[in-house]
Amino acid sequence: MFTSDLTKLSVVSRALSQCGHFMLTEGYNPWDSKLERIKNTMGDHPDYLKLFLSTHNFILRGDGALPWDYRHYIAIMAAARHQCDYLVDIQKEMFLEHGGDPAWLQGLDCVPDKLRSLNEINKILAHRPWLLCKSHIIRLTKESNWSLAELVHAIVILAHFHSLASFVFGCGINDQDDPDAPVNNSKKNLILGNVEPEVRVDQLMERMRTLSQREEEFSVEEQTQRFLRVDHRDQTIDIENSRVLKQTSGLGHFIEDTEFTYQDFQRRGETGDFPTFRVQDYSWEDHGYSLVNRLYNDVGNLLDAKFKKAYNMTYYTMGGNKDVDTSRFRRAIWNYIHCVFGIRHDDYDYGEVNQLLERSLKAYIKSTCCYPERVATRDFAQVLAEFEHSEKVHINLMVQEARMQAELLYALRVVMNHMK
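Because the structure is a prediction, the values reported are computed rather than measured.

Scoring rules and cut-offs
In this numbering scheme, every chain counts its residues from 1 along its sequence in written order. Local features in this predicted model are restricted to residues whose pLDDT is 70 or higher, and side-chain atom pairs enter the listing and the counts only when it is 80 or higher, whereas totals over whole chains, interfaces and linings include all residues. In computing side-chain properties, one takes all heavy atoms of the structure into account and sets aside hydrogens as well as water. Take the buried residues of types Ala, Val, Leu, Ile, Met, Phe, Trp, Tyr and Cys, join any two whose side-chain atoms come within 4.5 Å, and each joined set is a nonpolar core. Burial status follows relative accessibility: with a 1.4 Å probe on protein chains alone, a residue under 20% of its type maximum counts as buried, one over 50% as exposed, and anything between as partly exposed. Per the convention used, a helix needs a DSSP run of H or I reaching at least four residues, while a strand needs a run of E reaching at least two, with both numbered from the N terminus. Contacts are residue-level and defined by heavy atoms, with any inter-residue pair within 4.5 Å sufficient. Two N or O atoms form a polar contact when they lie within 3.5 Å of each other; inside protein one atom must be a possible hydrogen donor and the other a possible acceptor, and for residues adjacent in sequence the pair counts only when both atoms belong to side chains. Multiply 1.5 Å by the residue count of a helix minus one, and that product is the helix's expected span. Stacked, edge-to-face and tilted labels apply to pairs of Phe, Tyr and Trp rings (six-membered ring for Trp) whose centres lie within 6.5 Å, assigned for plane angles under 30 degrees, over 60, and everything in between, in that order. Charge-over-ring placement is defined geometrically: NZ (Lys) or CZ (Arg) within 6 Å of the ring centre, and within 35 degrees of the ring normal.

Trainee: Tell me what's going on with the nonpolar core, and back it up with residues and numbers.
Mentor: Judged by nonpolar contacts, the single largest core of 128 residues is most densely connected at Ile38, Tyr73, Leu87, Leu118, Phe329, Ile365 and Leu408. Ranked by the residues each element gives to this core, the list is headed by helix α19 (residues 389-419), at 16 residues. The contacts of Tyr73, once residues within four sequence positions are left out, are Phe95, Trp104, Leu105, Gly107, Leu108, Val111, Leu115 and Phe254.

Trainee: How would you summarise the side chain of Ser166 if you had to cite specific residues and measurements?
Mentor: Relative to the elements of secondary structure, Ser166 occurs in helix α9 (residues 148-170). The class for Ser166 is buried, based on a relative accessible area of 0%. There is a polar contact of 2.7 Å between the side chain of Ser166 and the backbone oxygen of Thr368. Here Ser166 is in contact with Thr368, Cys369, Pro372, Asn396, Val399 and Arg403, once residues within four sequence places are set aside.

Trainee: Any chance you could break down α9 for me, citing the residues and the numbers?
Mentor: In a regular helix each residue adds 1.5 Å, so 23 residues correspond to 33 Å; α9 covers 33 Å between its end C-alpha atoms and thus fits that length. In terms of burial, α9 is a largely internal element, 21 of the 23 residues being buried. Gly172 occupies a position one or two residues after α9 and carries a positive phi of about 80 degrees.

Trainee: Before we move on, can you summarise the packing of aromatic side chains with the specific residues and values?
Mentor: In total, this model carries 18 aromatic pairs according to the counting rule given. Measuring from centroid to centroid gives 6.0 Å for Tyr73 and Phe254, while their planes differ by 75 degrees, and the two rings are edge-to-face. One end of the pair, Tyr73, is in helix α4 (residues 68-81); the other, Phe254, is in the loop between α12 (238-241) and β1 (277-278), with 181 residues separating them in the sequence. The two residues Tyr73 and Phe254 agree in class, both being buried. Put simply, the rings of Tyr70, Tyr73, Phe95, Trp104, Trp146 and Phe254 touch in pairs and so form one group of aromatic residues. We note Lys114 situated over the ring of Trp146; from NZ or CZ to the ring centre the distance is 5.1 Å. When the ring centre of Phe260 is taken as origin, the NZ or CZ atom of Arg128, which lies over that ring, is 4.1 Å away.

Here is the structure:
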């Protein structure tokens, strides 16, 4: 699964050449030295890279309801929510290059009220998307004069950069300025520590084979309990991660309400009783896809292709083993990511998550989804020690896409209810 630097550069060049007119917009530099890190990391998966670049450049540079300076500033707001200096720096440069007011970069106090009004849904989508409700949409459309087309465009940008921050931190890209530098104080307690894998690759493959041969049916009540039990094995990773957002990166002027962070869906406490989001009631395929395409032409096609590629992509390998059916493992990862955001697939046995995803992997995935700013390069190196580098990158691609889909499902369902 490894590729040489020369081969990877060829892969990236080929993907760029296939990205259509979105890459050719005047003033856009596809070989930005910082964005190059993302392209090189994704270069092991050229088919996905092509779809990612097409989508990324369409929402920032293609047709859409928002002016370019708004697009880049919204991207700054989203990336800053997870303290992702890497993405914020890129978007600040693009913001200025395309006519953005330099005063806006002093912080949210200096932007138009309409733009600042997005702050509330930015923090909700980034940390607790299940809290988004119809009243948020009403305030934005009635009081802040957002059209639904503008708002959906903004939501897509927010979700895209939240999830891209997960990928950047998950793969250690944000730490690449100085890989030998001391770990930031906010990351002094690595999410994995010095852990040994609980399940070897050969054991994991055997478990997948056993599950494939077993056909069990469970009552509705038992299925619900299995869903609710999935996350209870992971609560220890939340103790340190649930602290207030630290502003060590100097992005505090782009962030409001730093005490608002991820809170486990199953431990809602005093926040209220929010029902599980059932995919059978509102799915991307049957509802979200058509609504986003209706309000933001063509973006649904790009997003749908990207989601499917990340989920279905396989080379039939696992840690050096060939001819391996990895579908069960990939499905467990995707559904676990949705699970931490309170989204349930009724046709899935969540008991498989605990059997196929060892605790260290679940800790890594959950942190990358919910607290990406706390994930360090060493965590990427430690997790799944027997897996190839490209296989770990693929897991992070699934984290990125499943998280983005989760945010969009919550947001688009609320928009649909508002339209009714």
